[in-house]
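Per-entry structural report
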Amino acid sequence: AGPSAIGAVKFDVVFNVYPNPNDGSFVVKIQNLKGDDYNLEIRNIIGQLVYTEVISDVTGKLRKEVNMKEQERGVYFLSITNEEGNRTEKLIIF
């Protein structure tokens, strides 16, 4: 593969969070995992990391239950990142 192949790599991991908004207890459903190492990170509105987990050796789909009931209410950003890229979604805890 030549240099042009690098641009063809795309980050096609998709995920959704439900329920959203929630009370701090929610499920993250992730699809299109390729067995790589992924970082699942949740940051608060000012960018502080409040939750992190490494997902590795999972291919296909993953259903992850997360409990953040000890966190303050507000807006958070959940992102999944690997070497190919990242995707971020807004999460609201009420």
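Presented here is an overview of the structure given in this document. (Residues numbered from 1 in each chain as written. Predicted model: local features only at pLDDT ≥ 70, side-chain atom pairs only at ≥ 80, totals over all residues. Heavy atoms only, no water.)

With respect to the overall build of the protein chain
Secondary structure summary: the protein chain contains 0 helices and 7 strands in total. Reading the protein chain from its N end, one meets helices and strands in the order β-β-β-β-β-β-β. C-alpha extents for the protein chain along the principal axes are approximately 50 × 25 × 20 Å. The buried share of the protein chain, taken over its 94 residues, is 31%. Contacts spanning at least 24 positions in sequence make up 54% of the contacts within the protein chain whose residues lie at least 6 apart. Summed over all atoms, the accessible surface of the protein chain reaches about 5900 Å², with 48% contributed by carbon and sulfur. (Helix = DSSP H or I, 4+ residues; strand = E, 2+ residues; numbered from the N terminus. Buried < 20%, exposed > 50% of the residue type's maximum accessible area, 1.4 Å probe, protein only. Contact = heavy atoms within 4.5 Å. Areas by Shrake-Rupley, 256 points an atom, 1.4 Å probe, with all protein chains shown as cover.)

Observations regarding the pattern of salt bridges
Tallied over the full model, the rule gives 6 salt bridges. Among the ionic pairs, Glu41 bridges to Arg43, the shortest N-O distance being 3.4 Å. You can call Glu41 buried: its relative accessible area is 18%. For the salt bridge of Glu65 with Arg63, the shortest nitrogen-to-oxygen distance reads 3.0 Å. Accessibility expressed as a relative area gives 56% for Glu65, which makes it exposed. (Salt bridge = Lys/Arg side-chain N within 4 Å of Asp/Glu carboxyl O.)

Quick notes on the nonpolar core
Counting 21 residues, the largest nonpolar core has Phe26, Val28, Ile30, Leu40, Ile42, Leu78 and Ile80 as the members making the most contacts within it. Residue assignment for this core shows that the elements contributing at least two residues are strand 1 (14-18), strand 2 (25-34), strand 3 (38-44), strand 4 (49-55), strand 6 (74-82) and strand 7 (85-93). Sort the elements by how many residues they give to this core and strand 2 lands first, with 4 residues. Once you skip the residues sitting within four places of it in the chain, Ile42 turns out to touch Phe26, Gln48, Leu49, Val50, Tyr51, Val66, Met68, Tyr76, Phe77, Leu78 and Leu91. (Core = buried A, V, L, I, M, F, W, Y, C linked by side-chain atoms within 4.5 Å.)

Examining the environment of Leu33
In this fold, Leu33 is placed in strand 2. For Leu33, a relative accessible area of 3% gives the class buried. Every residue in contact with Leu33, bar those within four places of it in the chain, is listed here: Val13, Tyr38, Ile55, Val58, Thr59, Gly60 and Leu62.

Describing the side chain of Asn82
Among the secondary structure elements, Asn82 is positioned in strand 6. Looking at Asn82, the relative accessible area reads 11%, which means it is buried. Within the structure, the side chain of Asn82 is placed 2.8 Å from the backbone nitrogen of Glu84, a separation counted as a polar contact. With near-sequence residues (within four places) excluded, Asn82 lies in contact with Phe11, Asp36, Asp37 and Tyr38. (Polar contact = N/O pair within 3.5 Å; in protein donor to acceptor, adjacent residues only side chain to side chain.)

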